[in-house]
Amino acid sequence: MAGRARKVIVFHRFRGSGGAWRRVREVAADKGGVGLADRNTALADSYLEELRVVRRLADLTVESYARDVADLVRFADGAGKSLDELRRRDLERFVREGMAAGRSPRSVARSVACIRGLYRFLVTDGRLDANPADELRAPRSWPDLPHCLSADDVDRLLEQPDPATPAGLRDRAMLEVLYASGLRVSELVGLRTGDLRLASGCLTCSGKGAKERLVPVGEVAVRWVREYSEAARPRLLAGRASEWLFVNARGGGRLSRVGCWKILKKHALLAGLPRGISPHVLRHSFATHLLERGADLRSIQTLLGHADLSTTQIYTHVLEARLKAVYEACHPRA
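Computed from a predicted model, the values in this text were never measured in an experiment. (Residues numbered from 1 in each chain as written. Predicted model: local features only at pLDDT ≥ 70, side-chain atom pairs only at ≥ 80, totals over all residues. Heavy atoms only, no water.)

A few words now on the environment of Met174. Note on placement: Met174 falls in helix H6 (residues 166–181). Distance from Met174 to Leu264, taken between C-alpha atoms, is 9.5 Å for residues 90 residues apart in sequence. When neighbours within four sequence positions are excluded, Met174 is seen to be in contact with Leu188, Phe246, Leu255, Cys260 and Ile263. (Helix = DSSP H or I, 4+ residues; strand = E, 2+ residues; numbered from the N terminus. Contact = heavy atoms within 4.5 Å.)

A one-sided burial pattern is seen for strand S5 (residues 212–216), the buried positions being Arg213 and Val215 and the unburied ones Glu212, Leu214 and Pro216. Pairing of strand S4 (residues 202–206) with S5, which is carried by 5 bridges, proceeds in the antiparallel orientation. By the bridge assignment for S5, Ser206 is matched with Glu212. (Buried < 20%, exposed > 50% of the residue type's maximum accessible area, 1.4 Å probe, protein only. Pairing = 2+ DSSP bridges.)

This next bit is on the side chain of Thr204. Structurally, Thr204 can be placed in strand S4. With relative accessibility at 18%, the residue Thr204 sits in the buried group. Setting aside residues up to four positions removed in sequence, Thr204 forms contacts with Leu191, Asp195, Glu212, Arg213 and Leu214.

In this model, Arg56 sits at a positive phi of 55 degrees, which is unusual for a non-glycine residue. Note that Arg56 resides in the loop between helix H1 (34–54) and helix H2 (59–79). Classification of Arg56 by relative accessible area gives exposed; the value is 67%. One non-glycine residue, Ala238, lies in positive phi territory at about 50 degrees. Note on placement: Ala238 falls in the loop between helix H8 (219–237) and helix H9 (257–270). Given the relative accessible area of 53%, Ala238 is considered exposed.

Turning next to the sheet that holds S5. Strand order in this open sheet of 3 strands is S3-S4-S5, and the pairing throughout is antiparallel. Edge positions in the open sheet fall to strand S3 (196–197) and S5, since each of these has one partner strand only. One ladder, built from 2 bridges, connects S3 with S4; its direction is antiparallel. Of the residues in S4, the one forming a bridge with Arg197 is Cys202.

Next up on the list: the nonpolar core. Among the nonpolar cores identified, the biggest contains 41 residues, and Leu188, Leu191, Leu203, Tyr228 and Phe246 are the most heavily contacted of them. Contributions of two or more residues to this core are made by helix H5 (151–158), H6, helix H7 (185–189), S4, H8, H9 and helix H10 (279–292). In terms of residues, this core owes the most to one element, H8, which gives 8 residues. Not counting residues within four places of it along the chain, the set of residues in contact with Phe246 comprises Arg170, Ala173, Met174, Val177, Leu188, Leu191, Tyr228, Gly253, Arg254 and Leu255. Membership of the second largest hydrophobic core comes to 29 residues, among which are Tyr47, Leu83, Cys114 and Leu122. (Core = buried A, V, L, I, M, F, W, Y, C linked by side-chain atoms within 4.5 Å.)

Mapped onto the fold, Val185 is located in helix H7. We classify Val185 as buried; its relative accessible area is 10%. For the pair Val185 and His280, spaced 95 residues apart in sequence, the C-alpha to C-alpha distance is 7.2 Å. Excluding residues that lie within four positions of it along the chain, Val185 makes contacts with Arg257, Cys260, Trp261 and Pro279.

Take the packing of H6 against H9 next. If you want to describe how two helices pack, look at the angle between their axes and the distance between the axes. Between H6 and H9, the least distance of the axes is 11 Å, while the angle of their chain directions is 95 degrees. With respect to H9, the axis of H6 lies roughly perpendicular. The segment H6 lies against H9, with Arg170, Asp171, Met174 and Leu175 engaging Cys260, Ile263, Leu264, Lys266 and His267. Considered class by class, the residues forming the contact of H6 with H9 number 5 nonpolar, 1 polar and 3 charged. (Axes fitted to C-alpha atoms, helices over the stretch in contact; angles between N-to-C directions. Parallel < 35°, antiparallel > 145°, perpendicular 65-115°, else oblique. Nonpolar A, V, L, I, M, F, W, Y, C, P; charged D, E, K, R; others polar.)

What the rule picks out here adds up to 3 aromatic pairs. For the ring pair Tyr228 and Phe246, a centre distance of 5.5 Å and an interplane angle of 25 degrees mean the geometry is stacked. Residue Tyr228 is located in helix H8, and its partner Phe246 is located in the loop between H8 and H9; the two are separated by 18 residues in the primary sequence. The class of Tyr228 is buried, set by a relative accessible area of 0%. The ring of Trp244 has Arg254 sitting right over it, with the charged end atom 4.3 Å from the ring centre. (Phe/Tyr/Trp six-rings, centres within 6.5 Å; stacked < 30°, edge-to-face > 60°. Lys NZ or Arg CZ within 6 Å of the ring centre and 35° of its normal.)

Put into structure tokens, the structure is as follows:
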């Protein structure tokens, strides 16, 4: 075995994964490097245990951080240093190498957050006097622009359900409400019959944090919901009682989020729309179309139920991107 590399394999147990032991890293170390690898492993394990037991982060979050810590341990092993010996310039080099390897800005940003947390823990735990990651910053990334449909695409999607069938009439009413109100899918399937104010063209929904808000619904959507409630919903319930507005076709129970996704994807496919259409795409389309037609951001924030205006401001980037595309296509010197 002399002169041959030996593998140090580290396992972490996550309660949410059914008690299964998962290998999160495997590093090769020569005979003289096993002690260093063991030290780095102990430091990494202490931090991950802090995240899981003390801070009680979700299993998937701990698992993601475990991969980031494993990358840093691998980097430290390669540099012949322990984690508590790395300095600011070492950590900056680690970040640069991650970017050069093709990692996305979002992935690198998560790694930087993990590193900053690791070294805060080492300082708090008395293993370090100063935090070398205190000023470490992630690369700036542009926010992902939300995908939205054109008005013609929305029309084509809404025309796909067959209103001659109970399920088709339900689907048409559901899609009309989704686009007319900008509801989240969880808010849509959580609508009760008592939440409707069809005479005034409004509905009440419960959003994030159990916050209720009043949302206006257009005349077209109101007409389809009224027709669904009178003609299709009783047939889907088949004599059973239900408080939910949109019910499934198998026993009349509450339509699930997954069921709503499947219905939308089916009709999007029939409409010839690109893959990746989701209920949230209709929510984005709702907000973008309002902004294009002169609605102000504060009103859109209220309609969408955003707690912070900065969340709503993403839609200004959509308009900027569209204006740029028009400019480049039409200006003679673009």
